Amino acid sequence: MPARKHIDVGELVKAYEAGASIRALARDYEASHTAIQRRLKGRVVMRPVGGRAGGNLIPQQVRDKIAAAYAEDAPMADIMAEFDVCDETVRRFADEAGIPRRPVGGQQRLDPDQIVELSSQGWPPDAIAVLLDASPSRVRAILRELREEPAEVSEADANTAGE
């Protein structure tokens, strides 16, 4: 059995605090990630597992901007792209700011009456979706919810329905 490589805990702590990951340190010291983690535990504040610190390194003023954008109903995708954070980080910052959560999947921005009116005029769901900048499946879902049958189903949507 090969001898274990000596692990200088002081160096290990400095490297981890400088941003090195546990897996990278395990590679460098030729040790298991569990061995590295055990030596660090109690000596440093451990970062969340799985990568970036999920917002722990984001300054409060940026957190406030993210929460404000969420409160102003900015699309989640736009907030995530602008601030380079995930959706759960956005929701966490909104929670911290006391902002009520929006429904997952976005707010209902389509006018069902407008969709029914266009459908009754003979517009197919795909065309209604293009007119209203929505997905054809969402238009069909609204029509179904209102017990209104879509004028026609496109071949592409018929193919994706089975997925």
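The paragraphs below set out a description of the structure included in this document. (Residues numbered from 1 in each chain as written. Predicted model: local features only at pLDDT ≥ 70, side-chain atom pairs only at ≥ 80, totals over all residues. Heavy atoms only, no water.)

1. Things to note about the overall build of the protein
Turning to step 1, where the next piece is worked out: Each helix and strand counted, the protein has 10 helices and 0 strands in total.
Turning to step 2, where the next piece is worked out: The N-to-C order of helical and strand elements in the protein reads α-α-α-α-α-α-α-α-α-α.
Turning to step 3, where the next piece is worked out: By the burial criterion, 29% of the 163 residues in the protein qualify as buried.
Turning to step 4, where the next piece is worked out: The contacts of the protein with a sequence gap of at least 6 include a subset with a gap of at least 24, amounting to 52%.
Turning to step 5, where the next piece is worked out: For the protein, the computed accessible surface area is about 11,200 Å², with 51% contributed by carbon and sulfur atoms. (Helix = DSSP H or I, 4+ residues; strand = E, 2+ residues; numbered from the N terminus. Buried < 20%, exposed > 50% of the residue type's maximum accessible area, 1.4 Å probe, protein only. Contact = heavy atoms within 4.5 Å. Areas by Shrake-Rupley, 256 points an atom, 1.4 Å probe, with all protein chains shown as cover.)

2. A look at the environment of I66
Turning to step 1, where the next piece is worked out: Within the secondary structure, I66 sits in helix 4 (residues 60-71).
Turning to step 2, where the next piece is worked out: Judged by its relative accessible area of 0%, I66 falls in the buried class.
Turning to step 3, where the next piece is worked out: Once the C-alpha coordinates of I66 and T89 are considered, the two residues, 23 residues apart in sequence, prove to be 9.3 Å apart.
Turning to step 4, where the next piece is worked out: In contact with I66, not counting residues within four places along its chain, are I79, F83, V85, V90 and F93.

3. A closer look at helix 5 (residues 76-83)
Turning to step 1, where the next piece is worked out: Every buried residue of helix 5 is accounted for by M76, I79 and F83. Each buried residue of helix 5 sits inside an arc of 65 degrees when the element is viewed along its axis, so together they form one side. Turned more than 90 degrees off the buried face of helix 5, the exposed positions are A77, A81 and E82.
Turning to step 2, where the next piece is worked out: Packing partners of the buried residues in helix 5 comprise helix 4 and helix 6 (87-96).
Turning to step 3, where the next piece is worked out: D84 sits one or two residues past helix 5 and shows a positive phi near 55 degrees. (Arc of directions from axis to C-beta.)

4. Regarding the nonpolar core
Turning to step 1, where the next piece is worked out: Grouped together as the largest cluster of nonpolar side chains are 13 residues, with contacts concentrated most on I66, Y70, I79, F83, V85, V90 and I99.
Turning to step 2, where the next piece is worked out: Taken together, the elements giving at least two residues each to this core come down to helix 4, helix 5 and helix 6.
Turning to step 3, where the next piece is worked out: Among the elements that take part in this core, helix 4 stands out by supplying 4 residues, more than any other.
Turning to step 4, where the next piece is worked out: Core analysis: the second largest hydrophobic core is formed by 11 residues, Y16, I22, I36 and L40 among them. (Core = buried A, V, L, I, M, F, W, Y, C linked by side-chain atoms within 4.5 Å.)

5. Regarding the environment of V62
Turning to step 1, where the next piece is worked out: Following the sequence through the fold, V62 ends up in helix 4.
Turning to step 2, where the next piece is worked out: Residue classification places V62 among the partly exposed residues on the basis of a relative accessible area of 24%.
Turning to step 3, where the next piece is worked out: Sequence separation between V62 and F83 is 21 residues; the distance between their C-alpha atoms is 8.2 Å.

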